[in-house]
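Each chain, letter by letter, is given below.
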Amino acid sequence: MKIIVCVKQVPDTSGKVAVKADGTMDRAAMATISNPDDMNALEAALQIKDKNSDTKVVVISMGPPPTESMLRECLAMGADEAVLVSAREFGGADTFATSTTLTAAIRKIGVEKDDIVFCGRQAIDGDTAQVGPQIAEKLGIPQVTYVTGIDYTDGQLTVRRELEDGYMTIKVQTPCLLTCIKELNTPRYMRVAGIMDCYSKPYTVLDFNALVDDPMVELETVGLKGSPTQVYKSFSPPVKGAGTMLEGADKATCEQLVSILGEKHII
Ligand SMILES: Cc1cc2nc3c(=O)[nH]c(=O)nc-3n(C[C@H](O)[C@H](O)[C@H](O)COP(=O)(O)OP(=O)(O)OC[C@H]3O[C@@H](n4cnc5c(N)ncnc54)[C@H](O)[C@@H]3O)c2cc1C
């Protein structure tokens, strides 16, 4: 079987967020990391491979050429092959155009009966959680989102899907797409031997010409031109002011507190 894991390189939003003079995020000035949920997805794929030696794990990312460093890290963790989808034509894509391009690339890799596509639930920069489900739709395969548990035994896939107030256990047929969240597992570290090996593992770059034979891919359906939504304006939210202290433990103070919370639509 084959497992294709979609991994996105994102700015590290846990540190200092660099902002340009016009108020937009200065991505070039920020450190990049592998999107956290995607590392849980990769770990899940590697755990299936640990138990099923005939499993091939392919990591795929759409991004600029420096994304290679992240893909090499995935290879060092144990993935077998990496595919970078990269071309000027793909730049500025919204989730619709991103999922179109990734779907075409995944079709190029090939999705067979036993295969699974993994995504993270959400990328910490775009934060939409839309790319995974859109890829599943475009591939025409079932999807389960918010996965926190995976049992793959004798070709049978059973997953646990987290809900706000409980969970579902779902049996799902392959090929399918799962989006993973951090509660699923703890991603492994790269191994020293893995770091040595990662430069000799298969590494492919797919550009526009490599995907243009896909029926969904045209100059007008990818990148900025293929994006039904376009970010019109972005800005940093105003910094919160100092808190308000209410003194006293009497009824009037409590009523004042309730009224302030009501005004702010918190209650
Ligand atoms: C220059 C630029 C311009 C942009 N312009 C717009 C715009 O005009 N309108 C707009 O809506 N958005 C825009 N975006 C944001 C862009 O749409 C999102 O970054 C992208 O579509 C992915 O969505 P997301 O980050 O919300 O991912 P999510 O949907 O939150 O990601 C879910 C999962 O999908 C997979 N995934 C997502 N992206 C990738 C990827 N690139 N490679 C591999 N796997 C991936 C990962 O497994 C991830 O965990 C722009 C981004 C850039 C860099």
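All values reported here derive from a predicted model rather than from experimental measurement. (Residues numbered from 1 in each chain as written. Predicted model: local features only at pLDDT ≥ 70, side-chain atom pairs only at ≥ 80, totals over all residues. Heavy atoms only, no water.)

Draft legend 1. Structural detail: the overall build of the chain. Within the chain one finds seven helices and eleven strands. With respect to the three principal axes, the spread of C-alpha positions in the chain is 70 × 45 × 40 Å. In the chain, which comprises 267 residues, the proportion classed as buried is 41%. If you take every contact in the chain between residues at least 6 apart in sequence, the share linking residues at least 24 apart comes to 72%. In the form shown here, the chain has an accessible surface area of approximately 15200 Å², with 55% of it arising from carbon and sulfur atoms. (Helix = DSSP H or I, 4+ residues; strand = E, 2+ residues; numbered from the N terminus. Buried < 20%, exposed > 50% of the residue type's maximum accessible area, 1.4 Å probe, protein only. Contact = heavy atoms within 4.5 Å. Areas by Shrake-Rupley, 256 points an atom, 1.4 Å probe, with all protein chains shown as cover.)

Draft legend 2. Structural view of the site of the ligand. Around the ligand, a shell composed of 29 residues is seen, among which Cys6, Lys8, Asp38, Ala123 and Thr128 lie nearest. Contact distances for the ligand include 2.9 Å between an oxygen atom and a backbone N or O atom of glutamine 130. Breaking the shell around the ligand down by element, the ones donating at least two residues are β4 (56-62), α3 (95-109) and β6 (116-120). Classifying every residue of the shell around the ligand by side-chain character gives eleven nonpolar, twelve polar and six charged. (Near = heavy atom within 4 Å. Polar contact = N/O pair within 3.5 Å; in protein donor to acceptor, adjacent residues only side chain to side chain. Nonpolar A, V, L, I, M, F, W, Y, C, P; charged D, E, K, R; others polar.)

Draft legend 3. Up close: the sheet that holds strand β10 (residues 176-180). Strand order across the open sheet formed by nine strands is β9-β8-β7-β10-β6-β1-β4-β5-β11, with mixed pairing between neighbours. Two strands close off the open sheet at either side, each with one partner strand: β9 (166-172) and β11 (203-206). Across the sheet, the mean angle separating the axes of adjacent strands is 30 degrees when strand polarity is ignored. As judged from the three bridges shared by strand β7 (residues 143-153) and β10, these two strands associate in the parallel manner. Across the sheet, valine 147 pairs through a bridge with cysteine 180, a residue of β10. (Pairing = 2+ DSSP bridges. Axes fitted to C-alpha atoms, helices over the stretch in contact; angles between N-to-C directions.)

Draft legend 4. Quick look at helix α7 (residues 251-263). With 13 residues, α7 extends 18 Å between its outermost C-alpha atoms, agreeing within 8% with the 18 Å of an ideal straight helix rising 1.5 Å per residue. Remark: histidine 265 follows α7 within two positions and exhibits a positive phi of approximately 60 degrees. (Expected span 1.5 Å × (residues − 1).)

Draft legend 5. Quick look at the packing of aromatic side chains. For the coordinates displayed, the defined rule picks out one aromatic pair. Here the aromatic rings of phenylalanine 90 and phenylalanine 208 are separated by 6.3 Å at their centres, their planes lie at 55 degrees, and the arrangement is tilted. With phenylalanine 90 in the loop between β5 (81-85) and α3 and phenylalanine 208 in helix α6 (residues 208-211), this residue pair connects regions lying 118 residues apart in the sequence. Phenylalanine 90 sits in the buried class, given a relative accessible area of 3%. The ring centre of tyrosine 167 lies 3.6 Å from the NZ or CZ of arginine 160, which sits over that ring. (Phe/Tyr/Trp six-rings, centres within 6.5 Å; stacked < 30°, edge-to-face > 60°. Lys NZ or Arg CZ within 6 Å of the ring centre and 35° of its normal.)

Draft legend 6. Here's a closer look at helix α2 (residues 68-77). Most of α2 sits out of view: seven of its ten residues are buried. Along α2, the positions that sit buried rather than exposed are Met70, Leu71, Arg72, Cys74, Leu75, Ala76 and Met77. Taken from the residues just after α2, glycine 78 is the one with a positive phi, measuring 135 degrees.

Draft legend 7. Examining a nonpolar patch on the surface more closely. A cluster of nonpolar side chains, namely Val258, Ile266 and Ile267, defines an oily patch on the protein surface of about 310 Å² accessible area. The exposure class assigned to valine 258 is partly exposed, which follows from its relative accessible area of 47%. (Patch = residues over 30% accessible without salt bridge, like charges linked within 9 Å, V, L, I, M, F, W, Y side chains within 5 Å. Salt bridge = Lys/Arg side-chain N within 4 Å of Asp/Glu carboxyl O.)

Draft legend 8. Structural context of the nonpolar core. Core analysis: the biggest nonpolar cluster contains 35 residues, and Val5, Leu42, Val59, Ile116, Phe118, Leu157 and Leu178 have the highest contact counts within it. Per element, the largest residue contribution to this core is seven residues, and it comes from helix α1 (residues 36-51). Apart from residues no more than four positions distant in its own chain, leucine 178 is found in contact with Ile116, Val117, Phe118, Cys119, Val144, Val147, Ile150, Leu157, Val159 and Val172. (Core = buried A, V, L, I, M, F, W, Y, C linked by side-chain atoms within 4.5 Å.)

Read these as spatial facts, not as claims about activity.
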